[in-house]
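# Secondary and tertiary structure notes
The primary structure of each chain is shown beneath.
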Amino acid sequence: AEDGIRDQPRSRGLGDVYKRQGDALHKKVSIKTEKHHLATLRTALRDELGGDRDVLSSFGAFTKYDREGLALDVHFRTGNTITDDELDWAEDLVHRNLKPLGHGWSPQALMDEMCDPSSRFALVTERAPKSKKAPRTGKSVPVAFAHFRFELDDDDAPERAVLYVRELQVAEARRGSGIGRRVMGLLQLVGAKLELDCVLLTVFESNKGARAFYEEKLKYGLDRDDPSLFGREECYRLLSKSLPKPKPLGEAN
């Protein structure tokens with residue numbers, strides 16, 4: 001999440017569930033997985049023409065922020081469409097934010113994960129400020145990003161379709177401006193629209209600020225698969241937040 005955990009396999013991602021060759025599903029997966037979850041994951045991953053679905057496109061009002069001196073835009077990217085410059089910036093931000101906490105991993109491993117076709121990004125850029133003589137012009141610069149995936153969690157019953165936030169990183173100069181809360185709110189809207197079961201994330205035990213942000217401000221709680229619930233001592237906590245389900249047709253408000 002704000003300090004995503006690597007090398008902690010805990011759920012089956014769309015890269016394992018949903019294959020590109022003719023959009024065929026593994027027979028083993030189709031036997032184990034409930035049909036409605038497969039349909040949910042298909043909808044999250046692909047649009048009607050078979051391309052990568054821009055899951056932010058339905059929330060235009062939430063992808064723009066013009067307030068309190070900030071002018072921000074949130075852009076959708078995938079592992080296939082994120083640019084080299086954006087990747088380099090994101091990799092550098094991860095290392096700059098996590099190095100003081102004593103955490104890190106190889107640049108190549110990080111790049112491989114972000115470039116995976118199943119990766120999705122909410123990339124936040126800041127527009128150049130307005131001047132007294134001219135309107136807002138100039139090149140936008142990235143200030144934050146969320147790296148997330150749509151996954152099938154079948155480690156425990158019942159099976160769940162989840163939006164798994166692998167990273168939420170904000171540039172130091174823009175921390176405390178509400179960007180993290182806005183991006184997480186946007187991802188929760190995405191998950192609810194797609195009828196996923198929950199938003200799931202990992203946070204380092206040592207990152208007290210991030211834990212307070214998720215648990216106190218956003219009201220995330222320990223997930224059913226958090227290692228501490230099974231007596232295991234790990235360097236991270238697994239947090240989740242359930243998403244509202246649509247009311248059945250005909251149900252009164």
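Provided above is the structure to which this section pertains.
Just so it is clear, the structure is predicted and the values come from calculations on it, not from any experiment. (Residues numbered from 1 in each chain as written. Predicted model: local features only at pLDDT ≥ 70, side-chain atom pairs only at ≥ 80, totals over all residues. Heavy atoms only, no water.)

### Examining the overall build of the chain
- Looking only at helices and strands, the chain features 7 helices and 9 strands.
- Looking at the chain as a whole, 47% of its 253 residues are labelled buried.
- In the chain, 67% of the contacts between residues at least 6 apart in sequence involve partners at least 24 apart.
- Carbon together with sulfur atoms contributes 51% to the accessible area of the chain, which is approximately 13200 Å² in total. (Helix = DSSP H or I, 4+ residues; strand = E, 2+ residues; numbered from the N terminus. Buried < 20%, exposed > 50% of the residue type's maximum accessible area, 1.4 Å probe, protein only. Contact = heavy atoms within 4.5 Å. Areas by Shrake-Rupley, 256 points an atom, 1.4 Å probe, with all protein chains shown as cover.)

### Focus: the pattern of salt bridges
- As enumerated under the stated definition, the model contains 21 salt bridges in all.
- Linking aspartate 223 and arginine 160 is a salt bridge whose minimum nitrogen-to-oxygen distance equals 2.9 Å. Taken together, the positions of aspartate 223 in the loop between strand E8 (221–222) and strand E9 (236–242) and arginine 160 in strand E6 (residues 160–170) put the pair 63 residues apart, joining distant regions of the chain.
- Residue aspartate 223 is classed as buried on the basis of its relative accessible area of 1%.
- Since its relative accessible area comes to 10%, arginine 160 is described here as buried.
- Each of the salt bridges in this network shares a partner with another, and the network as a whole consists of Asp153, Arg160, Asp223, Arg224 and Asp225. (Salt bridge = Lys/Arg side-chain N within 4 Å of Asp/Glu carboxyl O.)

### Considerations on unusual backbone geometry
- Despite not being glycine, glutamate 195 shows a phi value in the positive range, around 60°.
- Assessed through its relative accessible area of 45%, glutamate 195 is described here as partly exposed.
- The residue lysine 219 is not glycine, and still its phi comes out positive at about 65°.
- With respect to the secondary-structure elements, lysine 219 resides in the loop between helix H7 (208–217) and E8.
- Under the relative-accessibility criterion, lysine 219 is labelled exposed at 58%.

### A closer look at the packing of aromatic side chains
- Here the structure, examined in full by the defined rule, presents 5 aromatic pairs.
- Aromatic pair tyrosine 214 and tyrosine 220: ring centres 6.1 Å apart, planes at 70°, arrangement edge-to-face.
- Relative accessible area serves as the criterion here: at 0%, tyrosine 214 is assigned to the buried category.
- Residue class for tyrosine 220 comes out buried when judged on its relative accessible area of 3%.
- Put simply, the rings of Trp89, Phe121 and Phe145 touch in pairs and so form one group of aromatic residues. (Phe/Tyr/Trp six-rings, centres within 6.5 Å; stacked < 30°, edge-to-face > 60°.)

### Points about the nonpolar core
- In terms of nonpolar packing, the biggest core is built from 41 residues, with Phe150, Leu163, Met184 and Tyr214 touching the most fellow members.
- Within the residue set of this core, elements represented by two or more residues are helix H3 (35–45), strand E3 (70–78), strand E4 (120–126), strand E5 (141–153), E6, helix H6 (179–193), strand E7 (198–204) and H7. (Core = buried A, V, L, I, M, F, W, Y, C linked by side-chain atoms within 4.5 Å.)

Treat this as a map of the structure, not an account of what it does.
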